[in-house]
Amino acid sequence: MCTTCGCGAGEVKIDGEHAHHEHDHVHADGTTHKHDHDHDHDHDHQHAAAATHEHPHAHAHPHSYAPAHSHAPGVSTKRMVQIEQDILSKNNAYAAENRQHLVERGIFALNLVSSPGSGKTTLLVKTIEMLDGRQRVAVIEGDQQTSQDAERIRATGAPAIQINTGKGCHLDAHMVGRAMGKLELPEDSMLMIENVGNLVCPAAFDLGEAHKVVILSVTEGEDKPIKYPDMFRAATLMLMNKCDLLPHLTFSVPRAIEFARRVNPGIEVIEVSATTGQGMDAWLAWLEGGAAAANAAKLATVDALKRRIAELEARLPAAASSRS
Amino acid sequence: MHEMSLAEGILQLIEDSARQQSFARVSTVWLEIGQLAGVEVEAMKFCFDVVTRDSLADGARLEIIALPGTGWCMQCSMTVPMTEVFGECPQCGSHQLHVTGGTEMRVKELEVA
């Protein structure tokens, strides 16, 4: 368990997915074999001080042994191996896959990040209602536990899928890729990914989105951008939510913007209130602009591909005739 | 931040490399961590020990090579040292800095057997 953020893995649940995993073991003698577990769980969890687990598993273990002995016994085989790889390279590879899938289909994807309680889900519900079918929106909801947020989104009629990260403090690109597969996103639609409420960890994990949007509610401190600079640096847009409450607070909007620009000089800012609808028009215009750009980018790619195919086809008869 | 996930990422890289290069034990891991990467070295060492328990890197030494933070100051038009991501230019005090180095988080090399 991480003492910094309480982050852990291995408990991820995505709506409608059953646990299935594959291990690769490397033994001390260099032998590797592969397990293919098909778990048929019968959970009886009683996590108290004395944790008792009862997992009657139905295992199917097709083992494949591949001995890889390359050393003589008793001879030290210490050596150096160059790695030179980014720690997040695995996540980044999944994110690149997601991004390609989204861009090719003209889907405008946003990664919504904030601290817990900033009003992300309420803002999303209001956004979907106000778009009023002009844009098809699908939502991926990330929370440590419960599917309450996904249910709130589904009540608007938009498809939503919940990812429970268990102990995990952020969504990663692999989880999002799996959820995208289940949502079967239509072309030229919007995908909103509501990340786990956390201003720290999600900053580092690219999910394949077009932009990160950070939501700062005015009931929080105006110095949040400099306290959690990574997140505000990673975001393209800052939504200042709950602006209807400003008359009751000492929160200074100009100071909050100044702090955000100190961390990220280029960050855009829109003041909104999901409750009263104030500023929502500007936010919707930003969204529709982004969606139109995503659509145009897809068409440009499609046109480029069509041109390329036409060029290649034009060369085919020439190539055939030069051979004969 | 999120040192546990990073430690898991490191172990994955090690395990992938073990399959490709057929080694069974790792005794030392060298990481390059930028000063502006937001990684707490002590938390990272703690998480690495937890994550690698009973793995091929159980008990491995973690060596961290710190890389300096640098940024491009738009006012001075030059590269300046940075100690915080939202730091100010040591020359002119401006916040118009674009980070150019020091956000690295890389597994550099391993000593294996």
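Residues numbered from 1 in each chain as written. Chains lettered and ligands numbered in written order. Predicted model: local features only at pLDDT ≥ 70, side-chain atom pairs only at ≥ 80, totals over all residues.

Some thoughts on the overall build of chain B
Point 1. Helix and strand counts for chain B come out as two helices and six strands.
Point 2. Radius of gyration (C-alpha) of chain B: 17 Å, far over the 13 Å computed for a compact globule of 113 residues.
Point 3. Along the first, second and third principal axes, the C-alpha set of chain B runs to 50 × 25 × 15 Å.
Point 4. Within chain B, the fraction of its 113 residues that count as buried is 43%. (Helix = DSSP H or I, 4+ residues; strand = E, 2+ residues; numbered from the N terminus. Rg over C-alpha atoms; globule rule 2.2 N^0.38 Å. Buried ≥ 20, exposed ≤ 12 C-beta atoms within 10 Å, placed from the backbone.)

What to know about the pairing of strand 7 (residues 137–143) of chain A
Residue and element names in this part refer to chain A.
Point 1. With respect to burial, strand 7 is a largely interior element, seven of its seven residues being buried.
Point 2. By the alternation rule, side chains of strand 7 split into Val137, Val139, Glu141 and Asp143 and Ala138, Ile140 and Gly142, which are all buried.
Point 3. Sheet topology places strand 7 next to strand 9 (residues 190–194); five bridges connect them, and they run parallel. Each residue of the ladder has a partner; that of Val137, found in strand 9, is Met190.
Point 4. Note: strand 7 against strand 8 (residues 160–164), five bridges, orientation parallel. From the neighbouring strand, Val139 faces strand 8, where its bridge partner is Ala160.
Point 5. On the question of chirality, the crossover connecting strand 7 to the parallel strand 8 by way of helix 3 (residues 148–154) is right-handed. (Pairing = 2+ DSSP bridges. Right-handed = clockwise from strand over helix to strand, strands pointing away.)

Topic: the environment of Glu271(A)
All names here are of chain A.
Point 1. Residue placement: Glu271 occurs in strand 12 (residues 268–271).
Point 2. Residue classification places Glu271 among the partly exposed positions, given that 19 C-beta atoms sit within 10 Å.
Point 3. In sequence terms Glu271 and Pro116 are 155 residues apart; their C-alpha atoms lie 19 Å from each other.
Point 4. Filtering out sequence-adjacent residues up to four positions away, Glu271 remains in contact with Met240, Cys243, Val253 and Gly279. (Contact = placed C-beta atoms within 7 Å.)

Examining the packing of helix 1 (residues 89–104) of chain A against helix 4 (residues 173–183) of chain A
Residues and elements named next belong to chain A.
Point 1. The geometry of helix 1 relative to helix 4 is characterised by a closest axis approach of 8 Å and an angle of 30 degrees between their N-to-C directions. Judged by the inter-axis angle, helix 1 sits roughly parallel to helix 4. Crossing of helix 1 against helix 4: the hand is left-handed. Where helix 1 approaches helix 4, its residues Asn91, Tyr94, Ala95, Glu97, Asn98 and His101 are matched on the opposing element by Ala173, His174, Val176, Gly177 and Met180.
Point 2. A class-by-class count of the residues in the contact of helix 1 with helix 4 yields five nonpolar, five polar and one charged. (Axes fitted to C-alpha atoms, helices over the stretch in contact; angles between N-to-C directions. Parallel < 35°, antiparallel > 145°, perpendicular 65-115°, else oblique. Left-handed = near helix turned anticlockwise from the far one by under 90°. Nonpolar A, V, L, I, M, F, W, Y, C, P; charged D, E, K, R; others polar.)

Let's talk about the confidence of the model for chain A
Point 1. Per-residue pLDDT for chain A averages 83, and the proportion of residues at 70 or more is 76%.
Point 2. In this model residues 38–72 of chain A is a low-confidence stretch, pLDDT under 50, and it forms 39 contacts with partners more than four residues away in sequence or in other chains. (pLDDT = per-residue confidence, 0-100.)

A few points about the sheet that holds strand 5 (residues 79–86) of chain A
Either a parallel or an antiparallel arrangement is found when strands of a sheet pair, and the pairing is made through backbone hydrogen bonds.
Point 1. Taken in spatial order, the four strands of this open sheet run 5(A)-6(B)-1(B)-2(B), and their pairing is mixed. Every other strand in the sheet has two partners, leaving strand 5 of chain A together with strand 2 (61–67) of chain B as the edge strands with one partner each. Here the average twist between neighbouring strands, direction ignored, is 20 degrees.
Point 2. Where strand 1 (residues 26–34) of chain B and strand 6 (residues 105–112) of chain B come together, seven bridges link them in antiparallel fashion. Paired with Leu31(B) across the bridge in strand 6 of chain B is Val107(B).

Examining the environment of Met82(B)
All names here are of chain B.
Point 1. Mapped onto the elements of the fold, Met82 is located in strand 4 (residues 78–82).
Point 2. Residue classification places Met82 among the buried positions, given that 25 C-beta atoms sit within 10 Å.
Point 3. Through-space distance from the C-alpha of Met82 to that of Val99 is 8.1 Å; in sequence the pair is 17 residues apart.
Point 4. Not counting chain neighbours up to four residues away, the residues in contact with Met82 comprise Leu36, Gly69, Thr70, Gly71, Gly87, Leu97, Val99 and Gly102.

Some thoughts on the sheet that holds strand 12 of chain A
Point 1. Reading across the sheet, the eight strands line up as 1-8-7-9-6-10-11-12 (chain A) and stay open at both edges, with mixed pairing between neighbours. Every other strand in the sheet has two partners, leaving strand 1 (13–14) and strand 12 of chain A as the edge strands with one partner each.

What about the pairing of strand 3 (residues 69–73) of chain B?
All names here are of chain B.
Point 1. Side chains Gly69, Gly71 and Cys73 of strand 3 all project onto a buried face; the interleaved residues Thr70 and Trp72 project onto a face where none is buried.
Point 2. As judged from the five bridges shared by strand 3 and strand 4, these two strands associate in the antiparallel manner. Directly across from Trp72, in strand 4, lies its bridge partner Thr79.
Point 3. Once strand 3 ends, the chain turns through four residues before running back antiparallel as strand 4, passing Ser77 with a positive phi of about 50 degrees.
Point 4. Relative to strand 5 (residues 97–101), strand 3 runs antiparallel, the two sharing four bridges. Along strand 5, the bridge assignment pairs Gly71 with Val99.

Some words on the packing of helix 1 (residues 3–21) of chain B against helix 2 (residues 41–51) of chain B
Residues and elements named next belong to chain B.
Point 1. Remark: helix 1 packs on helix 2, axes separated minimally by 8 Å, with the N-to-C direction vectors making an angle of 55 degrees. With respect to helix 2, the element helix 1 is oriented oblique. The handedness of the crossing between helix 1 and helix 2 comes out as right-handed. Residues Glu3, Met4, Leu6, Ala7, Glu8, Ile10 and Leu11 of helix 1 form the contact with helix 2, whose own contacting residues are Ala43, Met44, Cys47, Phe48 and Val51.
Point 2. The class makeup of the residues in the contact of helix 1 with helix 2 is ten nonpolar, no polar and two charged.

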